[in-house]
Amino acid sequence: MHPYLSLGSILTGRYPSAIPLCSLPTPETDPESLWCTRIPDAVPTLPEVLGIYGYDTALVAAPPTSREKGLLASEFGDAPGVNGGLSEAVDTALSWWKAHAGALRFLVLTEEILPLVAPRVGPPGSAAPEVLAEQAHTAYGNVVAEAGVQVGRLVAETGPGTWVFVTSGHGANLGETTGTASLPVYAVHRDVLLERTLIVPLHVYGPSAPAALPAVTPLVDLAPTIAHLAGVLPPAGLAGNDLFADPPADPACYAEFGDMLALRTERHLLVARLWMHGGTALDPQLTEKLRMRPDPGSSFTLHDVLADPLQVHDIVQSDTTVAGSTWRRMLEIRTGPGAPPNGGLSPDQVAALRKAGSIGYW
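How each quantity is defined
- Residues numbered from 1 in each chain as written.
- Predicted model: local features only at pLDDT ≥ 70, side-chain atom pairs only at ≥ 80, totals over all residues.
- Heavy atoms only, no water.
- Helix = DSSP H or I, 4+ residues; strand = E, 2+ residues; numbered from the N terminus.
- Buried < 20%, exposed > 50% of the residue type's maximum accessible area, 1.4 Å probe, protein only.
- Lys, Arg positive; Asp, Glu negative; His and termini not counted.
- Charge placed at Lys NZ, Arg CZ, Asp CG, Glu CD.
- Salt bridge = Lys/Arg side-chain N within 4 Å of Asp/Glu carboxyl O.
- Axes fitted to C-alpha atoms, helices over the stretch in contact; angles between N-to-C directions.
- Parallel < 35°, antiparallel > 145°, perpendicular 65-115°, else oblique.
- Contact = heavy atoms within 4.5 Å.
- Nonpolar A, V, L, I, M, F, W, Y, C, P; charged D, E, K, R; others polar.
- Polar contact = N/O pair within 3.5 Å; in protein donor to acceptor, adjacent residues only side chain to side chain.
- Pairing = 2+ DSSP bridges.

**Student:** An account of the overall build of the protein is requested, with residue identities and associated values reported.
**Tutor:** Scanning the protein from terminus to terminus reveals 12 helices and 10 strands. Relative to its full complement of 362 residues, the protein shows a buried share of 50%. Taken together, the 21 basic and 36 acidic charged side chains of the protein have centroids lying 3 Å from each other.

**Student:** Tell me about the pattern of salt bridges, residues and numbers included.
**Tutor:** Applying the stated criterion across every chain yields a total of 12 salt bridges. Between Asp283 and Arg354 there is a salt bridge, and its shortest N-O distance comes to 2.6 Å. In this pair, Asp283 sits in the loop between strand S9 (268-273) and helix H9 (284-292) while Arg354 sits in helix H12 (residues 347-356), placing the two residues 71 residues apart along the sequence. Taking relative accessible area as the criterion, Asp283 reaches 2% and is therefore assigned buried. Its relative accessible area of 46% is what places Arg354 among the partly exposed residues.

**Student:** Can you tell me about the packing of helix H4 (residues 86-99) against helix H6 (residues 129-157), naming the residues and giving the values?
**Tutor:** Interhelical geometry of H4 versus H6 gives an angle of 10 degrees and a closest axis separation of 9 Å. It follows from the interaxial angle that H4 and H6 lie roughly parallel. In this structure, H4 uses Leu86, Ser87, Val90, Asp91, Ala93, Leu94 and Lys98 to contact H6, whose residues at the interface are Ala147, Gln150, Arg153, Leu154 and Glu157. Of the residues that constitute the contact of H4 with H6, the class distribution is six nonpolar, two polar and four charged.

**Student:** How would you explain the side chain of Thr57 if you had to name every residue and give the values?
**Tutor:** Along the chain, Thr57 turns up in strand S1 (residues 56-62). In terms of polar contacts, Thr57 uses its side chain to reach the backbone amide nitrogen of Gly77, at 2.8 Å. Discounting residues that sit within four places of it in the chain, Thr57 has contacts with Pro47, Leu50, Gly51, Phe76, Gly77, Asp78, Trp96 and Phe106.

**Student:** Tell me what's going on with the sheet that holds strand S7 (residues 253-257), and back it up with residues and numbers.
**Tutor:** The sheet built from four strands is open, its strands ordered S7-S8-S9-S10 with antiparallel pairing. Pairing within the sheet leaves two strands with one partner each, and these edge strands are S7 and strand S10 (300-304). Looking at each pair of strands side by side, their axes are set apart by 15 degrees on average, direction ignored. Pairing between S9 and S10: five bridges, direction antiparallel. In the sheet register, Leu269 faces S10, and the bridge partner there is His303.

Laid out in structure tokens, this is it:
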């Protein structure tokens, strides 16, 4: 749900708590002021690994960018600056790509869509909800259409033999108000774990393609997939699966943000709101709250998102079998591949985290 943390998760192939990685909510705070804002040296990223194998690597970010951009840029060989929008960013990316022709290349291009959408939509209460929803859908459609033209240009001009993955770190709420009884949902919103803020497109362009992408494909699958296509040995301990290998029998996507955790299976979405106001998903107290499995009416929601994509009907108390099995899977991930490394955080690290009020991740 946070661009920096989502991209950090994709580039490491690990869930953010397992990196561990965090961010700060206040703009005036130095991004490096908290111990967990930088990807640890012991956690390899895709550009680092590919660089060892002789790849030239670059990060190109269209403004506006997250203030942690410099922390991600340090993982790449190059990070050419961009002053204008996505069109200029694509020009910059293509110039870098052509300048490094003949070399092995890995390029990441990013743009944050919602800061471009939100100014085109009235503030909460300025109009009827259905009017704000229409404004949000129209604005989002226009911004994405503009972005699609530029991304299409990048795909076309990098060459037919190039592998390109087009996706997003998070989705967006566009005027809908359903899905949670415990948090307000605004017209243009990403800060609540919902089906519509979790689900994103994933398009794969290249000389061939996976036989069929699983119906539920977590973004942590990209790191092992790109390592496979690049012909390099992936780092140990990745959470995802190579999309060109046999798909898992029962795929699921795990997400974390603030004091919320979520697990999306092929049919259901279980969301845990674990009531740590101002807390972060990295805090080990969240694991203990999840392990206790508190009252489902206040802490858990379950929706059949295939039949009920806008999450109008919470079935957590009526379908206890699915709720229980999905909770167990969530706990397995939270205490397994989603857990902080080395058995957890030190008391000093936890104290610094709580004092800073850092936000969570997905």
